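# Fold and contact review
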Amino acid sequence: MDRPMDSYVEPPEHKDGTPTTSRSDTRNVQPVTPDPRQNEKKERPSHPSHGYSREDFDHSPLLVFYEVTRACDLVCTHCRASAMPHPARDQLTPAQSAALLEELSRFPKPPMVVLTGGDPMKRPDLLDLIAHGRHVGIRMAVTPSPTPLMTEKAVAAMKEAGACGFGVSLDGACHKTHDTFRGIEGSHALSLEMIRWAGDVGLPVQVNTTVFAANLEELVPLADMLETLPVQMWSVFFLVPVGRARHARRLSARQYERVFELLFTESRRRPYAVKSTEAPHYRRFVMQKLGLSPEEAPQQIYGLSKQAPVGTNDGRGVMFVSHTGEIYPSGFLPLMCGKFPADSPVTVYREHDVFVSLRDADKLQGKCGMCEYRGVCGGSRARAYAVYGDAMAPEPDCVYIPEAWMKARRHRKSSDSQQ
Ligand code: SF4
């Protein structure tokens with residue numbers, strides 16, 4: 001399966017500004033100096049989350065990922081869905097899928113629906129679904145897999161049907177790296193073609209890159225390559241150990257910081273927007289870098305820049321519906337909260353205990369629960385669940401040590417030594 005275009009999710013784009021004096025803790029991060037080139041930058045496309053506030057996430061997600069099928073001809077090593085060659089027998093029917101889109105249009109702020117998989121091209125009614133979504137007032141995006149089903153004509157037909165976003169995965173600057181991850185030779189070359197085809201018909205492209213220890217050195221060459229392509233957004237995904245990625249080696253928390261530094265640098269010098277996925281602590285990194293305190297960050301990060309998307313997290317601004325209608329807080333957090341058509345995704349998102357808890361940063365545990373950045377970050381809930389079996393546990397791959405957490409530890413130690 002191609003990784004969902006969780007796109008258009010999360011923060012990363014941030015205001016490129018000069019540093020201010022800060023009350024925030026910058027022990028781990030060096031603040032930036034003014035970038036004289038920032039005024040020369042090209043105008044970037046505005047982010048689809050523009051116009052959303054964090055309060056909106058209590059009633060409406062920004063993004064719904066609808067896994068239209070698990071069928072896919074690829075065998076990606078880190079596939080979340082453990083995709084298979086044929087559709088499941090209990091996959092939602094075309095009529096049920098259309099009804100799902102109608103239901104999603106009932107959110108007070110209708111989300112963008114990203115048709116993902118498996119490979120959405122394995123759904124014969126894909127164009128009908130795109131057109132129906134548009135008809136009921138939903139913005140539709142697609143993340144097809146690079147297989148022979150994908151042609152220039154197919155991309156043009158998606159645009160014609162009403163798609164407004166197109167996600168393509170690229171996991172390396174060179175063919176070998178990408179094709180090894182994807183399990184099929186020629187996948188890299190076809191992905192580049194897909195990007196160009198989408199650009200030719202004016203379909204906005206998001207490139208999704210999964211970061212591994214093995215492709216760290218290729219991130220800058222990849223960023224260079226994207227500049228030569230019609231790309232609006234580069235989304236860098238930090239692995240969550242689920243599906244076929246369950247046994248993959250995670251980056252260390254220190255390596256996360258190195259990638260954050262790289263993303264921050266690239267976001268200031270590239271014509272396309274840059275974002276992280278399943279790494280909300282990139283927001284903390286950016287705030288530290290810009291010298292913003294957690295209190296001022298929501299306004300500074302979310303309010304000022306046309307580029308600044310609202311920060312999402314699993315179940316907060318994001319929802320996932322599986323090929324059989326199961327409803328989850330995200331595609332990486334396997335806590336089933338309902339099943340369509342028996343359950344309404346609108347009611348589940350707004351009222352189910354799991355969703356409501358995930359949106360309450362004060363319910364976080366461990367160091368995330370004591371962190372001053374918990375409201376804007378909160379850590380990846382999916383990774384916490386995958387590693388600790390508890391969706392409210394602390395993010396396992398964040399280097400930051402909150403002052404309150406340090407104090408509590410010191411207090412505990414001194415109480416223990418007095419006993
Ligand atoms: S400790 Fe948790 S809330 Fe704080 S920055 Fe790290 S991941 Fe985010």
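One can find the structure itself at the top, above this paragraph.
The notes below deal with the structure included here. None of these values were measured; they are calculated from a predicted model.

## Notes on the overall build of the protein
- Looking only at helices and strands, the protein features 14 helices and 10 strands.
- Expressed as a percentage of its 419 residues, the buried residues of the protein come to 52%.
- For the protein, restricting intrachain contacts to residue pairs at least 6 apart in sequence, the fraction spanning at least 24 positions comes to 76%.

## Some thoughts on the nonpolar core
- Ranked by internal contacts, the top residues of the largest apolar core, which has 97 residues, are Val113, Leu115, Ala163 and Trp234.
- Two domains each provide a minimum of three residues to this core, namely domain 1 (38-358) and domain 2 (364-418).
- Excluding anything up to four places from it in sequence, Val113 contacts Val64, Tyr66, Leu101, Leu104, Gly133, Ile138 and Met140.

## Focus on the packing of helix α7 (residues 253-269) against helix α8 (residues 281-290)
- Where α7 contacts α8, the axes come no closer than 10 Å and their chain directions differ by 60°. As far as their axial angle goes, α8 and α7 are oblique. Crossing of α7 against α8: the hand is right-handed. Counted together, Glu257, Phe260, Leu263 and Phe264 of α7 and Tyr282, Phe285, Val286 and Lys289 of α8 form the full contact between these two elements.
- When the residues that make up the contact of α7 with α8 are grouped by side-chain class, the tally is 6 nonpolar, no polar and 2 charged.

## What about the environment of Asp390?
- Its place among the elements puts Asp390 in the loop between α13 (381-388) and α14 (403-418).
- Note on Asp390: 12 C-beta atoms within 10 Å, which makes it exposed.
- With 25 residues separating them along the chain, Asp390 and Gln365 place their C-alpha atoms 9.5 Å apart.
- Setting aside anything within four residues of it in sequence, one finds Asp390 in contact with Ala384 and Tyr385.

## Some points on the site of the ligand
- In the vicinity of the ligand there are 15 residues, among which Cys368, Cys371, Cys377, Gly379 and Cys398 approach most closely.
- Broken down by secondary-structure element, the contributors of at least two residues to the shell around the ligand are α8 and α12 (366-369).

## Let's talk about the packing of helix α4 (residues 175-182) against helix α5 (residues 187-200)
- As a packed pair, α4 and α5 sit with axes 8 Å apart at the nearest point and diverge in direction by 100°. Here α4 lies roughly perpendicular to α5, going by the angle between them. Listed contacts from α5 to His175, His178, Asp179 and Arg182 of α4 are Ser187, His188 and Ala189.

What counts, and at which threshold
Residues numbered from 1 in each chain as written. Predicted model: local features only at pLDDT ≥ 70, side-chain atom pairs only at ≥ 80, totals over all residues. Helix = DSSP H or I, 4+ residues; strand = E, 2+ residues; numbered from the N terminus. Buried ≥ 20, exposed ≤ 12 C-beta atoms within 10 Å, placed from the backbone. Contact = placed C-beta atoms within 7 Å. Core = buried A, V, L, I, M, F, W, Y, C linked by C-beta atoms within 7 Å. Domains from an automatic or database assignment. Axes fitted to C-alpha atoms, helices over the stretch in contact; angles between N-to-C directions. Parallel < 35°, antiparallel > 145°, perpendicular 65-115°, else oblique. Left-handed = near helix turned anticlockwise from the far one by under 90°. Nonpolar A, V, L, I, M, F, W, Y, C, P; charged D, E, K, R; others polar. Near = placed C-beta within 6 Å.

Without other data, these values stay purely geometric and don't point to any function.
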